[in-house]
Amino acid sequence: MHISPVLWEFLVKWLNNSALFPREASTIAPYADALYFFLLTITMVGLVLVGVLVFGFSIRYRQSRSPEATQVEGSTLLEATWTIIPLALFLIVFVWGALLYFRIYNPPTNAMNIYIVGKQWMWKAEHPGGQHEINALHVPIGRPVQLTMISQDVFHSFSIPDFRVKREVIPGRYSTEWFEATTPGTYHIFCTQYCGTNHSAMIGTVTAMTPDDYAKWTQESTSGMSLAQNGERLFASMGCNACHSGSAAARGPNLAGVYGSKLQLTSGSEVLVNDAYLRDAILNPSEHVTAGFAPIMPTYQGQISEDGLVDLVEYIKNLQTNYRVQQTLTTLQSNQAAPTTPGVVKP
Amino acid sequence: MSATSSTIVNLPDQRTARLPKRNYINNEDGLLSWLFTGDHKRIAILYLISITFFFFVGGAFAGLIRLELLTPQPDLVASDTYNKFFSMHGIIMVFLFLVPSVPATLGNFLMPIMLGARDLAFPKVNLLSWYLYWLGGLVILGAMVMGGVDTGWTFTTPLSTHYLNTHVVTAAMGVFILGFSSIFTGLNFIVTIHRMRAPGMTWFRMPLFVWSHYAASILMVLGTPVLAITLVLVALERLVGIGVFDPTKGGDPLLFQHLFWFYSHPAVYIMILPGMGVISEVISTFSRKRVFGYTAVAFSSVAIALFGFFVWAHHMFIMGVSNYSALVFSLLTMLVAVPSAIKIFNWAFTLQKGSITFETPMMYAFGFLGLFTIGGMTGVFLGALGMDIHLTETYFIVAHFHFVMVGGMLMAFLAGIHFWWPKMTGRMYPESLSKLAAVTTFIGFNLTFLPQFILGYLGMPRRYHAYPPEFQVLNVLSTAGATVLGVGYMLPLLYLGWSLKYGAIAGNNPWQATGLEWQIQSPPLTENFVEIPVIDYEAYDYEWLAHKTANEVTTVG
């Protein structure tokens, strides 16, 4: 028999390129696939069991062979059997799934952080070193990467199937996901939450690179200003340093070293200062007044873009001493604008 | 009666059967007699015609979606148009077909007869429910004609409230009105089951069809108001910007999802439970054997209804809900899977020691068993927290709920329509042609949706107008399957229509089933029973039926 060469080539290409399972390109992928195969197995067993029962009984008790039906009430023993065995299997699946969930959603503490801002219909990646990417993400292999993500408009969802990770990107709230890529290559980024007209165009590529290549890429694609430096400029131009000057008589709390600490609020509650808290405190200051300070800070809702907030958060995060704030203050007073860098998207 | 004993039931000679002179169809003439009827059977027929119309409208959209996805490029229609296609497909299929499908047609027709009553408790409310159905349906069709809506059937905020300029409020209004139609049906069923049972019809003598409708009715009455509230909030947010779902005004966009799924997860059980009732009747009848573990099947319906209310957040595992609440919802999801497994095994064991024949309803029921098992098990995939992360929002979930809703519910609906067609119309459908349709549907369905499981695990997201070229082969298979499926659904429409005039006369009880509805003439009288029957036997009592037939033969002979 003769097979058309075009068809043959097509089949070979298909079998090589997209088998029935996606590539395993992260440390999580084998764990996710293990549970998937377990689930496939119990589905197959269940299906075969139901098939054997239905077809077996249908053949054995078809009317031509079994003209008389024997009435049976039921059987408590059998009912118990098919209650307990599925229940036990489902509970195993529950525990296994929960363990996997915590593995996927609890980032290791040494993960490097990259910010993702989603908007209709593109992904912006902002590296702390000042590399900005659109619909692309470069990451090193062998190193945990945490994504801190936020949406500027509607719900999006950041999915990398080959890494088996996905999380909703929510307006007004940071969400995180992490992965550790294992194989260099390029992989799909999909927005999986329906987000309007060009939902299916909100895709991109994640490029996993060896540490050497990654270092080279980092060097070549920096915009010249790190996120913290952008944040510093914003900090000055919004006039934040007027109150948060770090001096003893300042009207706003000292921000140096505040990140990661526990803060006492006037409402009496104690909060952990993390990315989300900093963002909220800038947008809704009246609800986050540090104990001992007056609620005089105005809201910055609608005045700073999500990218700008990322810059500010990154700046405050890295603020170890008040030296930078004082310097900024001097710069502001000396009327010298910070140098602009070509190619940087102004917040 | 002993627990085990033998029964032989032979099909009656249909050649001698005659259509009864007076029945609910010819009792009154003229269109108005139908439009102003209070007869539950006539309303059921009105509903049947209506949902069939909407099914084919929704099906046309499904066809267009599959046609667009034949190629990776977005080349058939524009993205906005494609988004409107899947939104309309979802809204029409869920709210205008699946939710009312079995309850409003078969349920309406059979519930009072099965209970030995002359009508539902509130016949006028029943008719009002049909008018509201059409009002809601027309509003949705209006939204479609004016330019459509592209929110998806989920109306997710803030997309639906702030970022779309299509007819969101109109469509939401349509669904809001449909909600009342659904509540009225549920309310009517609950009251009828409590108050209108014939003497001797105790709770545990009721057919399982009634039990499953009872469970579904509770869900309709308790769940639908939450959907109505949610849609009103969406409309208010759009029109006056009250900010309940708007983070910049202190609202929470996730709240919408909580409210929406609080209805829409139980809604899945509203859709599937009545179908399960049909399957119990069909499998029992064609194996001439009582349903194995009657009480287990009855209580598993109630358990599904109960647990069904406490699993909604499993739609939100990746949305940043607290890890611990995710744990609780995952555990409850595993628990709700158990009653479905119990039902499957009870149906399988109903066949044991039966005397089985393979008429069309039975073929559809077998299709249901296989497809629902796959649909249910893949639900366990999605209920497992870590697995859900990779699978949710992909074609895996599309395949999963189509296996449950189309493979499960639609198979059950078609099983029921064929099974009770002789009762509803007095005529038989053509047997071999309908078997062909059942097999075509089964093959077409699997060809359409099995590739989508693979696509989903590969990572293809749902609601994508364009997709990477490596997914094309599986999408072509799926579209080919949809074509076969389309043929499978057109066939019944044609031959059932044909059978209305040319079908063989059915007679009272062509299947020799035990149900009360089979002991009266087909089609039934408007008042169902000349005398309210006294029930002194359990459901699925084939011995009683055998004796009854024997007695009749002796008296007549």
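Residues numbered from 1 in each chain as written. Chains lettered and ligands numbered in written order. Predicted model: local features only at pLDDT ≥ 70, side-chain atom pairs only at ≥ 80, totals over all residues.

Asker: Sorry, what's going on with the interface of chain A and chain B here?
Answerer: How big an interface is tends to be stated in terms of the accessible area lost upon association of its parts. The partner chain B presents 80 residues to the 80 residues of chain A that form the contact. Sorting the residues of the side of chain A that touches chain B by element identifies helix H1 (5–17), helix H2 (29–60), strand E1 (69–70), helix H3 (76–105), strand E7 (156–160), strand E8 (165–169) and strand E10 (185–191) of chain A as the ones contributing at least two each. With 20 residues, the top contributor of residues to the side of chain A that touches chain B is H3 of chain A. Counted by class, the side of chain A that touches chain B contains 43 nonpolar, 26 polar and eleven charged residues. (Contact = placed C-beta atoms within 7 Å. Helix = DSSP H or I, 4+ residues; strand = E, 2+ residues; numbered from the N terminus. Nonpolar A, V, L, I, M, F, W, Y, C, P; charged D, E, K, R; others polar.)

Asker: Is there a simple way to explain the confidence of the model for chain B in this structure?
Answerer: Interpreting fine coordinate detail is not advised for predicted regions of low pLDDT. Residues and elements named next belong to chain B. On average, residues of chain B score 91 in pLDDT, and 96% of them reach the 70 mark or higher. No element of chain B has a lower mean pLDDT than strand E1 (residues 6–7), at 52, and none a higher one than helix H2 (residues 40–68), at 96. Under a pLDDT of 50 for its full length, residues 553–557 has, in the predicted model, zero contacts with residues more than four places off or in other chains. Across the interface, the model reports ipTM at 0.91; the global pTM reads 0.90. (pLDDT = per-residue confidence, 0-100.)

Asker: In this structure, what is going on with the confidence of the model for chain A? I would like to understand it.
Answerer: Considering every residue of chain A, the mean pLDDT works out to 86; 89% of them sit at 70 or more. Low pLDDT, under 50, characterises residues 334–347 of chain A; the predicted model gives this stretch 18 contacts beyond four residues in sequence or across chains.

Asker: Sorry if this is basic, but what is going on with the domain arrangement of chain A here?
Answerer: All names here are of chain A. By domain assignment, chain A separates into domain 1 (16–62 + 76–224) and domain 2 (227–333). Taking only C-alpha atoms into account, the centre of domain 1 sits 34 Å from that of domain 2. Facing the eleven residues of domain 1 at the interface are eight residues of domain 2. Looking at the side of domain 1 that touches domain 2, the elements that each hand over two or more residues are strand E2 (112–119), strand E3 (122–126) and strand E6 (145–151). Its residues placed into classes, the side of domain 1 that touches domain 2 shows five nonpolar, three polar and three charged. (Domains from an automatic or database assignment.)

Asker: Is there a simple way to think about the sheet that holds E10 of chain A in this case?
Answerer: Sheet strands pair by backbone hydrogen bonding; their relative direction is either parallel or antiparallel. All names here are of chain A. With mixed pairing, the five strands of this open sheet are ordered in space as E5-E11-E10-E7-E8. Edge strands, defined here as strands with exactly one partner in the open sheet, are strand E5 (136–140) and E8. Here the average twist between neighbouring strands, direction ignored, is 20°. Two strands pair when backbone bridges link them, and E7 and E10 are joined in this way by two bridges, in the antiparallel orientation. Considered in E10, the bridge of Ser159 is made with Phe190. Sheet strands in contact with helix H4 (residues 211–220) are E5 and strand E11 (203–209), and its direction is about 130° off that of E5. (Pairing = 2+ DSSP bridges. Axes fitted to C-alpha atoms, helices over the stretch in contact; angles between N-to-C directions.)

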